[in-house]
Amino acid sequence: MKSNKEKVYDFIQMHSLAEKEGGVSTSYIAEALSLQRTNVSSILNTLVNEGRIAKTNGRPVLYFIDQDIHRKEEDCFQEMTGWNGSLKHGIQLAKAAILYPGRSLNLLIVGEKGTGKKQFAKVIYNYCIAKKLISEDAPFLQMNCRDYASEQDQAKELLMGKGEPGLLNQSEKGILYLDNIQYLGGVLQREVAMYSSSSTTRGVLIASCTPETIPAQEEFQGEFPIVVNMPKITERPIAERMEMIKILFSTEASRVGRVLVVKEELMRCLLLYECSDNFQQLKRDIKIGCANAYVRELANSDEITLFVSDFDVRIRQGILRYGNVREEIEKLIPENSSFAFDGRDMKVSETESKNIYKELSRKAQKLDAEGISKEDIQMLLSTELERAFGKYQRQLVHDITSKKELGLIVDEELIELVENFIKKVEVLQNRKIDETIFFGLCLHIKGVVNHSREPETVGKLEISQVVTRHKQEYMLSSEFAEEIQEKYRVEMPIDEVILITMFLCYEPPKQPSVGKSVILYAFYGKGIASSIVKTITDITGFDHVYSFELSYKKDENGTYEALKKCIREIDQGKGVCIVYDSDLVSKMTEEIARETGILIRLFPAPVTTMGIELARKALRSSNLDAVYRETMRSVGDFAISREKYLVTLCTTGKGGAEELKKYIEKYGNVKDVEVIPMSMSDEDALKEAFQGLMRQGTIVCVVGTFDPKLYSIPFCSITDVFTTPKERLPELLRTAESKDCEIDYQEVFDYLGQQFKYAGIAKLRPLLEDLLHQIDGQLKHITQDAQMGLLIHTACCVERLLAGEASQTNPKRQMICIKYAKEFHKLLRMLKPIEKAFRIIFSDDEVANMLMIIYQI
C-alpha cells in the first residue's frame, strides 16, 4: 500500500500532466486525498527539500513538478500529447524561434478553443529555463486580452504601465503570454509590436488567437514571424486522443483515491464523439462522468465502474462514427475489454465470449439497467452486432483466398449448394455478393453439418432487429435452412437462420482501390497480340495485360481513334506500357498521351516488321550474314537507345544547374553519361524535355534542389552531392541514394571560389549565410536541399550581375508578386546588405526566382 507521501507526490504529478496551470495548494490536496492539512503541509515541505517538487512564491503557495529537475532540456515538450506526432512540426518551430541567434523570436500560437495554446506556452517557458536562456526565477506573466475587450485603456495601462512598470517591462527577463490577442485593438497591437522591436527588449513574447482572428497589421506580423498551429482534437490521430483519455482518467483516479474501471463501449464513445471545445471539452465531460459515477458508487470502497449512462447523451452518439474508423479503434480497444485506472497505471483486461448473441444480450440488459433508452440501446447494439459478426466472418475466412483452397476443407457438394444459394440471392436482389461471404458461409454451414461448433442462442431483441431490418434476406435464409435440414438431417433453429441472414447482409470493409500499371500489346496481324496476352494470362493469372490489333486495311485516323479508346478503357490511373512492333504506334501514342493526360511508356518489339524484312532480304540474297546485317540496319530505329543522361535542375534559370553540371563532370566520373542542365521554372516544358530525352535514351538520375517526381526517375539531392566526399560522388550518382548529412558550406564555397571571376567569396559568404538564417527564421523554415539550392542560385546571380549579364526573366513573376506580396517585400529587405556590399540591384525577376526556391513553386 502506498504511503501518504507517495500519494501526495503522485497526485501533484498527475495534476501537472492534466492541468498544466500553476500547481496545487495544500488545502486542495488535503481535501482531494482526505488527509489532514497539517500532515499534507509537512509532506510537501519534505518533497520540496528533497528536490522532487517545487513551489511558487506568493499566496497561496502552489506546488508543482519542477520540470528542470525531472526532464532533460530537450525533453520538456514530451509532456505534451502528440509531441512526436501532430505537434512535432510546431515544436520544431518553437525551438527554432527560442534558439534563434542573437535574440529569441516572438511566437504566435494559433488554435481553436481548448486545443492547448496556454499549455504550449508554459512548456516553452520550461524549455527556456532548461536551455538557460532565462533564469529559474524568471517570470511567466500572462494576460487574457478577452477580459479587456471593452476596456482598451485599462489594457494599455496594464501592458505599458502608468507610473510603474507594465507587463511588457516586467517580462523583459522572462516570458509574457498574451492569450486571445485578437481582443486587443489594432492600435494597441501595433504598440505591442513596436515595443517588442526595441533593441533593449530581451524578453520573449508569446501571443495566441483563433485561426479566423489572426491580426492583420504588418507591424504585428513582422514581430511575430513564427506561427505555431495547434490541431483540433478531430485532426489528431485517434491514438493521441486515447492518450489524452488515459491521462484524464488517471488524474480523476488520483483525485478520488479509487480505481476507475471503464468498459470498452464507453471508451469507444469517448474516442469518437464530437468535442466542440477540443481537449477542454473532453476534460470537462470526463470530470462530470466521474463525478456522477462517484456519487452512484459512494458506498463502494474498492473501485468505481463508469457506464455510458454516467455521461452526457452527446458522448454515446460517438458510436455512430465507429464504422469509418473500425480497424483503428479495434487496435486500441480489444473486444470485451475493460480499462482500470489506479492513478499511476492503466491495466487492460479482456474476457473471451464464445457466443455472439449471449454477449449482446448481456450488454443489452446492462445498458437497460443503467437507464439507457431502448432507441439508444438498439443504436449501440446494432453497431456492436455488426462489429462482432464481422470479426467472426474474418476469423472464418482468414486463411482462405480462393475456391480451390476452400475445396480442400469443404465438401464439393456443400460448396455447390451454397454457391447456388448465393447466385439465387444475387439474381433476386440484383447485386454482387463478396466472395469472402461465400467462403465464410461455406465454412459456417460445414461447422453446423459436422456439429463442430457451439450452437448460437439468439435473444429476442436481436431476432426482432434482424427480421425487421432485413425481411427479404431472412425469408431466403429460412428457405435455405430448410434445404440444409432436409439434405443433411441436422436441426436448423431460428438462431442459425438469423446467422445466415447476417452473412447475406454483411458488407466486408472495402479495401481502398489501388490502380495498377497496365500492359498493352499492339501488334499487326490477326490474333498475334491476343495470343501473346492469352499465353501470359494463362501462365501467370494476371488480369492487367491487354491486346490491341493493328490492321493494314484501316486508315490512320481510324487506327488512332481505336487505339485512344482502348488506352482510355484499360487505364487504371497508373499509366500504360505499350509493347509494339510498328513505328506508327510510337507516333500515335505521343499525341494520345498529350490529349488524354494518360502516362504512356513504349517498349519496342518489332517482331512482325523484322519478320517481313527478313523474308524480303532472304528472297533476294542467299548469304545469311548479309540478310542478318541488312535486316538489323532496317529495323535499327526500333533498337533501344543506349544513350544515358543525367539532368541537373535549377528551380529558376539554368545558372545553378550549369554550375552543378561542372561540379559533377569534374568529380562524378560520368564519361559515359551526358550531363544536361535544365530549369524547373516551366513544369510543362520540363516534362516535354524529359520525354524528348527518354525517346533517345535513358535518364539515369536527376540532381536538384527538390525532386520533380517525374516518370519515377531516380533523384539525388544537391545537398548530398556537395556533402558526399568527392571520391564517393560517382557511387552516389550511380545509386541515387540520399543520406541525411550536415551541409559542409566550406566545400561549397571553396568550389564556387574556384569558378567565380568577379564575386569575392570571402566577402559574399557571411552575407549569404546571414541571408539563409533570416529566411529560415522570418520567412519560412526551408529544407537543407532548398538552402543549398538558394545559396548556389544567389551566389551565381551575384556573379552574373557583376559580370554585366542580364537578369533571367521569370514567366511567373507577376503571379508571385501578387500571391507572395508580403514575402516579396521581406525578401527584398533581406537582400539589401548584399546589394549594398557589391553595388548591385536584384531585379523583381530574380527575387521571384528566389521565392520559387523557398516555396518550391
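All of these numbers come straight from a predicted model, not from anything done at the bench. (Residues numbered from 1 in each chain as written. Predicted model: local features only at pLDDT ≥ 70, side-chain atom pairs only at ≥ 80, totals over all residues. Heavy atoms only, no water.)

Caption draft 1: Focus on the overall build of the chain. Counting secondary structure elements, the chain contains 38 helices and 19 strands. A buried classification covers 50% of the 857 residues belonging to the chain. In the chain, the proportion of contacts linking residues at least 24 apart, taken out of those at least 6 apart, comes to 72%. For the chain, the accessible area works out to roughly 43500 Å², and carbon and sulfur atoms hold 49% of it. (Helix = DSSP H or I, 4+ residues; strand = E, 2+ residues; numbered from the N terminus. Buried < 20%, exposed > 50% of the residue type's maximum accessible area, 1.4 Å probe, protein only. Contact = heavy atoms within 4.5 Å. Areas by Shrake-Rupley, 256 points an atom, 1.4 Å probe, with all protein chains shown as cover.)

Caption draft 2: View of the confidence of the model for the chain. Mean pLDDT for the chain: 79, with 82% of residues reaching 70 or above. Per-residue pLDDT stays below 50 along residues 637-641; that stretch engages in eleven contacts with residues further than four places along the chain or on separate chains. Contacts of residues 737-742 to residues separated by more than four positions or lying in other chains number ten contacts, the stretch itself having pLDDT below 50. (pLDDT = per-residue confidence, 0-100.)

Caption draft 3: Representation of helix α5 (residues 88-98). For α5, every residue scored as buried is listed here: Gly90, Ile91, Leu93, Ala94, Ala97 and Ile98. Along α5, the residues classed as buried sweep out an arc of 160 degrees about the axis, all on the same side. Buried residues along α5 sit in contact with β3 (107-110), α6 (117-130), β6 (204-209) and β7 (226-229). (Arc of directions from axis to C-beta.)

Caption draft 4: Summary view of the packing of helix α7 (residues 152-160) against helix α9 (residues 186-196). Two numbers describe how α7 lies on α9: the axes approach to 11 Å, and their chain directions differ by 10 degrees. Considering their axes alone, α7 and α9 lie roughly parallel with respect to each other. Contact residues: α7 offers Gln152, Ala155, Lys156, Leu159 and Met160, while α9 offers Leu188, Glu191 and Val192. Of the residues contributing to the contact of α7 with α9, the split by class is five nonpolar, one polar and two charged. (Axes fitted to C-alpha atoms, helices over the stretch in contact; angles between N-to-C directions. Parallel < 35°, antiparallel > 145°, perpendicular 65-115°, else oblique. Nonpolar A, V, L, I, M, F, W, Y, C, P; charged D, E, K, R; others polar.)

Caption draft 5: Highlighting the pairing of strand β5 (residues 175-179). The buried count for β5 comes to five of five residues, which makes it a mostly enclosed element. Residues Ile175, Tyr177 and Asp179 of β5 are buried on one face, and the alternating residues Leu176 and Leu178, pointing to the opposite face, are buried as well. Across five bridges, the pairing between strand β4 (residues 140-144) and β5 is parallel. Its bridge partner lying in β5, asparagine 144 is registered against aspartate 179. Pairing of β5 with β6 involves four bridges; the strand directions are parallel. From the neighbouring strand, leucine 178 faces β6, where its bridge partner is alanine 207. (Pairing = 2+ DSSP bridges.)

Caption draft 6: Structural context of the packing of helix α19 (residues 412-429) against helix α22 (residues 471-488). Where α19 contacts α22, the axes come no closer than 11 Å and their chain directions differ by 160 degrees. On the basis of their axis angle, the class for α19 and α22 is roughly antiparallel. Handedness of the crossing formed by α19 with α22: right-handed. Together, Glu413, Leu414, Leu417, Val418, Phe421, Lys424, Val425, Leu428 and Gln429 of α19 and Gln472, Glu473, Leu476, Ser477, Glu479, Phe480, Glu483, Ile484, Lys487 and Tyr488 of α22 make up the contact between the two elements. Across the contact of α19 with α22, the residue classes tally to ten nonpolar, three polar and six charged. (Left-handed = near helix turned anticlockwise from the far one by under 90°.)

Caption draft 7: Geometry of a nonpolar patch on the surface. Judged by side-chain polarity, Tyr294, Val295 and Leu298 come together as a nonpolar surface patch covering roughly 300 Å² of accessible area. Within the element layout of this structure, valine 295 appears in helix α13 (residues 278-296). (Patch = residues over 30% accessible without salt bridge, like charges linked within 9 Å, V, L, I, M, F, W, Y side chains within 5 Å. Salt bridge = Lys/Arg side-chain N within 4 Å of Asp/Glu carboxyl O.)

Caption draft 8: Examining the side chain of glutamate 252 more closely. Topologically, glutamate 252 is positioned in helix α11 (residues 238-256). Under the relative-accessibility criterion, glutamate 252 is labelled buried at 9%. Setting aside anything within four residues of it in sequence, one finds glutamate 252 in contact with Leu260, Ile286, Lys287 and Cys290.

Caption draft 9: Just the sheet that holds β3, in detail. As summarised here, the arrangement of the five strands in space is β4-β5-β6-β3-β7, forming an open sheet in which the pairing is parallel. If you trace the sheet from one side to the other, it starts and ends with β4 and β7, each paired once. Strand-to-strand, the axes of this sheet are offset by a mean angle of 20 degrees, without reference to chain direction. With four bridges connecting them, β3 and β7 associate as parallel partners. The residue bridging leucine 108 from the neighbouring strand is valine 227, located in β7.

Caption draft 10: Spatial organisation of the packing of aromatic side chains. Within this structure, the stated rule accounts for nine aromatic pairs. A centroid spacing of 4.0 Å and a plane angle of 5 degrees characterise the contact between phenylalanine 421 and phenylalanine 480, whose relative ring orientation is stacked. With a gap of 59 residues between them, phenylalanine 421 in helix α19 and phenylalanine 480 in helix α22 connect regions that are remote in the sequence. Since its relative accessible area comes to 1%, phenylalanine 480 is described here as buried. Ring geometry for tyrosine 521 against phenylalanine 523: centres 6.0 Å apart, planes inclined by 80 degrees, an arrangement best described as edge-to-face. (Phe/Tyr/Trp six-rings, centres within 6.5 Å; stacked < 30°, edge-to-face > 60°.)

Caption draft 11: Looking closely at the nonpolar core. The biggest cluster of nonpolar side chains holds 61 residues, and the ones touching the most others in it are Leu827, Ile834 and Phe842. Not counting chain neighbours up to four residues away, the residues in contact with leucine 827 comprise Leu771, Ile775, Leu779, Val847, Met850, Leu851 and Ile854. Of all hydrophobic cores here, the second largest spans 33 residues; its members include Met242, Leu248, Phe279 and Ile333. (Core = buried A, V, L, I, M, F, W, Y, C linked by side-chain atoms within 4.5 Å.)

Caption draft 12: Geometry of the side chain of threonine 251. Among the structural elements, threonine 251 can be located in helix α11. Here isoleucine 247 takes part through its backbone oxygen, which lies 2.8 Å from a polar atom of the side chain of threonine 251. (Polar contact = N/O pair within 3.5 Å; in protein donor to acceptor, adjacent residues only side chain to side chain.)

Caption draft 13: Molecular detail of the pattern of salt bridges. The final tally for this structure, using the stated rule, is 17 salt bridges. Here glutamate 240 and arginine 236 are joined by a salt bridge, their closest N and O atoms 3.0 Å apart. We note that glutamate 240, like arginine 236, is buried. The salt bridge involving lysine 287 is made with glutamate 252; its shortest N-O contact spans 3.6 Å. Residue lysine 287 is located in helix α13, and its partner glutamate 252 is located in helix α11; the two are separated by 35 residues in the primary sequence.

Caption draft 14: Representation of unusual backbone geometry in the model. Positive phi, normally seen in glycine, also occurs at asparagine 278, with a value near 55 degrees. Residue classification places asparagine 278 among the buried positions, given a relative accessible area of 4%. Of note, arginine 489 is a non-glycine position whose phi angle comes to about 55 degrees, a positive value. Structurally, arginine 489 is set in the loop between α22 and α23 (494-505).

Caption draft 15: Representation of a negative patch on the surface within the structure. The grouping of Glu151, Asp153, Glu157 and Glu164 at the surface amounts to a negative patch. Structurally, aspartate 153 can be placed in helix α7. (Lys, Arg positive; Asp, Glu negative; His and termini not counted. Charge placed at Lys NZ, Arg CZ, Asp CG, Glu CD.)

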